[in-house]
Amino acid sequence: MKKTLFDKVWDSHVIHKITNGPDVLFIDRHMVHEVTSPVAFLGLKKRKIKVLYPERTFATADHNTPTLNQHLPVKDKLSANQLKALENNSREHGISFWGLGHEKNGIVHVVGPEYGITLPGATIVCGDSHTSTHGAFGAIAFGIGTSEVEMVLSTQCIMQQKPKSMRINVSGELEKGVTPKDVALYIISKLSTSGATGYFVEYAGNVFSQMSMEGRMTVCNLSIEMGARGGMIAPDQKTFDYVKGREFAPSGGNWELAMEFWNNLPSDKGAIFDKEFHFEGKDIEPMITYGTNPGMGISILKDIPKYNSDKGQKETYKKSLDYMSYKEGETMLGKQIDFVFLGSCTNGRIEDFRAFSEIVKGRKKAKNVTAWLVPGSHKVEKAIKDEGILKILNDAGFELREPGCSACLAMNDDKVPPGKYAVSTSNRNFEGRQGPGSRTLLASPIVAAAAAITGKVTDPRTLF
Amino acid sequence: MSYDKFQILKSRAVPLQIENVDTDQIIPARFLKATERKGFGENLFRDWRYNSDDSVKKDFVLNDDNFKGKILVGGKNFGSGSSREHAAWAIYDYGFRCVVSSFFADIFRNNCLNIGVLPVQVSSQFLSKLFQEIYENPNSKIEVDLPNQTISILNIGLNEKFEINNYKKQNMLNGFDDIDYLINIKSEIEDFAKKSII
Ligand code: SF4
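These figures come from a predicted structure and were not determined experimentally.

Asks: What am I meant to see in the overall build of chain B here?
Replies: When you go through chain B residue by residue, the secondary structure sums to 8 helices and 8 strands. Relative to the 2.2 N^0.38 estimate, which gives 16 Å for 198 residues, the radius of gyration of chain B is 18 Å and therefore close to what a compact globule would have. The principal-axis extents of the C-alpha atoms in chain B amount to approximately 60 × 45 × 25 Å. Taking all 198 residues of chain B together, the buried fraction comes to 58%. In chain B, of all internal contacts separated by at least 6 residues, the share reaching a separation of at least 24 is 66%.

Pasting the structure below:
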């Protein structure tokens, strides 16, 4: 039978099949952070068991951490408590722990790839929905709940029904100023936030083969925003070059063995997907969201759509626009904004900072804008300094903060105040996501840069 | 962790007729700082239940004394967004044992099943009827029968079958969880791990 990339990775990890039930799937690598793991560790304690394979689990602190003065004790008591719990649990069970200040610390989905934890053909889980990021390497990677975190810690397995398969093809080329983030927001706007629920997505076509590994991570990261369990892209030479030599990647004879497996991963010609979509790269423009879910995105040049469907949905739509204080038919260009957030596991990598700095270079931050520039990891932070990007940012009136999830979910102090508008490179524009009452416009790093310079929604292509 | 067994639930229901209710609304991120599974019910739908000065938002359904019960009925695409199991905990802790919608986000559905909240997916027609009935007659009893996989609006005698995978159904009926099962096949897991090259 012809197999898809997804089938090949999945089938090679099934230990046990339950009739009329889920498959038992072996998990190669597991990442944990402070927020969704404490109750799982408590569960182990109650059951009086230890982590089965501590060398397969990696812990980093990111969700709850401050992005200023990380060398000082964390002020918020509850956050400090959670960070301490992660440290204690990791030590007790012999898990690698990259806490605040550790040189490898950063957002879980940024550090995974950086240190070769993320590998092609692997199964990777984490108690965070954007685990889908790691699919960029041709891994099956998905977010899990805390009960499942406990399951993986105690048995290195998870029980899952095999999802259906979907392939999304984007052919042709992207125009200048159109980024991987725009590709993802475009696809979500077409499929809606539930369009891929129940499916695992493979992204295919020229646009993805030409994309850098970091761009692929951005796209796969956002798979969850259309409801998919995860997204993946077939590994190619670019993938192997990226992975080779990283600390936790296989080496020597194991690398050869792995390559044999990885080379066979791409979907067989003629493999059948349960659902398939086709888009053209040239139809995609810089995108921006205007509502309260990531599916409510449009080309930055278009007007907010009018709604004309049945009543229940219309009320939801209206509620969303009311929250944003926007009206149907208004244009997004020129809308005033107050905050800009560059960061998160969606767009907090070095290429994102390069792209942002290219726009702001030689210009000045708008006075009315508060900008939070938060690298995804210490490694990214170091590259920003080494490449001279920090100087460009500083000259333009921006400051760099320390790594973490920050305003992506606003668990720390980086909260957008009620009623204020933020152009954000993160992944969710839900009500209150960036702080109670905050209003989020999701966009690419260069749309964020254009907004930071002009103080309003601006087409970045006018600044090239 | 085992949880209460779920067999047949007969209860009034609380209508939340909104689509795409995401887990950030169910439990906002700032309430995820606990290291124990306690007290999440207080903050269920926090920003829809309370104003920023902690005063009660009277027009939100959880603050409406007309509606009570162990069944929460939500609009399409319920539970999208973050993987936080805290959302399911908050629902459970508040006192709901069952969530009904015409469509659930995947991770949320799994989380519910893992902690003893039954997600019941119904047709959109049934869902509209259900909302209509609860609004017109808030005392109306809904019966969720897990062994027979049916949900009934008793008052008007309307019922529908729902799907649940048999393994999960047995777990819910008995209050078992997956870890008990996996620990029993530990030697299979160890054999597999030995062969892994990653
Ligand atoms: S950056 Fe945002 S989406 Fe990514 S792991 Fe952190 S909180 Fe989750």
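The structure having been displayed, the exposition proceeds.
Asks: How should I be thinking about the overall build of chain A in this particular structure?
Replies: When its secondary structure is counted, chain A shows 16 helices and 18 strands. Here chain A has a C-alpha radius of gyration of 21 Å; the compact-globule value for 464 residues is 23 Å, and the two agree. Seen along its three principal axes, the alpha-carbon backbone of chain A occupies a region of about 55 × 55 × 45 Å. Residues counted as buried form 67% of the 464 residues belonging to chain A.

Asks: Whenever I open this one, the sheet that holds strand β6 (residues 142–145) of chain B confuses me. Can you help?
Replies: Strand pairing in a sheet relies on backbone hydrogen bonds, with the paired strands running either antiparallel or parallel. Residue and element names in this part refer to chain B. In spatial order, the strands read β1-β6-β7-β8; together these 4 strands make up an open sheet with antiparallel pairing. The sheet is open, and its two edges are formed by β1 (8–11) and β8 (158–161), each paired on a single side. The average undirected angle you get between the axes of adjacent strands in this sheet is 10 degrees. The sheet contact formed by β6 and strand β7 (residues 150–153) spans 4 bridges and is antiparallel. Counterpart to D145 in the pairing with β7 is T150. Contacts from helix α5 (residues 124–136) reach β6, β7 and β8, with the element oriented near 40 degrees to β7.

Asks: Explain unusual backbone geometry here, please?
Replies: In terms of backbone geometry, most residues other than glycine have negative phi values and most peptide bonds are trans. Phi is positive for S344(A), which is not a glycine, with a value near 85 degrees. Using a relative accessible area of 1% as the deciding quantity, one classes S344(A) as buried. Here Q149(B), not a glycine, exhibits a phi torsion of approximately 55 degrees, which is positive. Its location among the elements puts Q149(B) in the loop between β6 and β7.

Asks: Looking at this structure, I do not really get the packing of helix α2 (residues 38–47) of chain A against helix α5 (residues 146–155) of chain A. What am I missing?
Replies: Relative placement of two packed helices is described by the angle separating their axes and the distance separating the axes. Residues and elements named next belong to chain A. Contact pair α2 / α5: the axes reach a minimum separation of 8 Å and the direction vectors enclose 55 degrees. Here α5 runs oblique to α2, going by the angle between their axes. For the crossing formed where α2 meets α5, the hand is right-handed. The segment α2 lies against α5, with V39, A40, F41, G43, L44 and R47 engaging T146, V149, E150, L153 and S154. The residue makeup of the contact of α2 with α5, split by class, is 6 nonpolar, 3 polar and 2 charged.

Asks: I would appreciate a short explanation of the interface of chain B and chain A in the present structure.
Replies: Across the contact, 55 residues belong to chain B and 76 residues belong to chain A. Around 5400 Å² of area is buried between chain B and chain A when both sides are counted, 61% of it from carbon and sulfur atoms. Its largest share of buried area at the contact with chain A, chain B owes to K33(B), I197(B) and I198(B), together 15% of the area lost on that side. Joining chain B to chain A, the criterion identifies 4 salt bridges. D76(A) is the partner of K33(B) in a salt bridge, and the nearest nitrogen-oxygen pair spans 3.5 Å. Counting every contact that joins chain B to chain A gives 27 residue pairs in polar contact (both at pLDDT 80 or more). Contributing elements (two or more residues each) for the side of chain B that touches chain A: α1 (23–26), α2 (46–49), α3 (86–94), α4 (106–115), α6 (166–174), α7 (178–184) and α8 (186–195) of chain B. Split into classes, the residues belonging to the side of chain B that touches chain A amount to 23 nonpolar, 14 polar and 18 charged.

Asks: Please clarify how the nonpolar core should be interpreted in this entry.
Replies: In this structure, V340(A), F356(A), F398(A), F45(B), F78(B), V100(B) and V144(B) are the most contacted members of the largest nonpolar core, which totals 118 residues. Ranked by residue count, the leading element in this core is helix α16 (residues 445–454) of chain A, at 8 residues. Looking at this core, you find at least three residues from each of domain 1 (1–164 + 207–267) and domain 2 (287–463) of chain A. Those residues in contact with V144(B) that lie beyond four places of it in its chain are F6(B), Q7(B), I8(B), L9(B), I71(B), C98(B), L118(B), V120(B), T150(B), I151(B) and F162(B). In this structure, I140(A), V170(A), V183(A) and A193(B) belong to the second largest nonpolar core, which totals 92 residues.

Criteria and cut-off values
Residues numbered from 1 in each chain as written. Chains lettered and ligands numbered in written order. Predicted model: local features only at pLDDT ≥ 70, side-chain atom pairs only at ≥ 80, totals over all residues. Heavy atoms only, no water. Helix = DSSP H or I, 4+ residues; strand = E, 2+ residues; numbered from the N terminus. Rg over C-alpha atoms; globule rule 2.2 N^0.38 Å. Buried < 20%, exposed > 50% of the residue type's maximum accessible area, 1.4 Å probe, protein only. Contact = heavy atoms within 4.5 Å. Pairing = 2+ DSSP bridges. Axes fitted to C-alpha atoms, helices over the stretch in contact; angles between N-to-C directions. Parallel < 35°, antiparallel > 145°, perpendicular 65-115°, else oblique. Left-handed = near helix turned anticlockwise from the far one by under 90°. Nonpolar A, V, L, I, M, F, W, Y, C, P; charged D, E, K, R; others polar. Buried area = accessible area lost by both parts, 1.4 Å probe. Salt bridge = Lys/Arg side-chain N within 4 Å of Asp/Glu carboxyl O. Polar contact = N/O pair within 3.5 Å; in protein donor to acceptor, adjacent residues only side chain to side chain. Core = buried A, V, L, I, M, F, W, Y, C linked by side-chain atoms within 4.5 Å. Domains from an automatic or database assignment.

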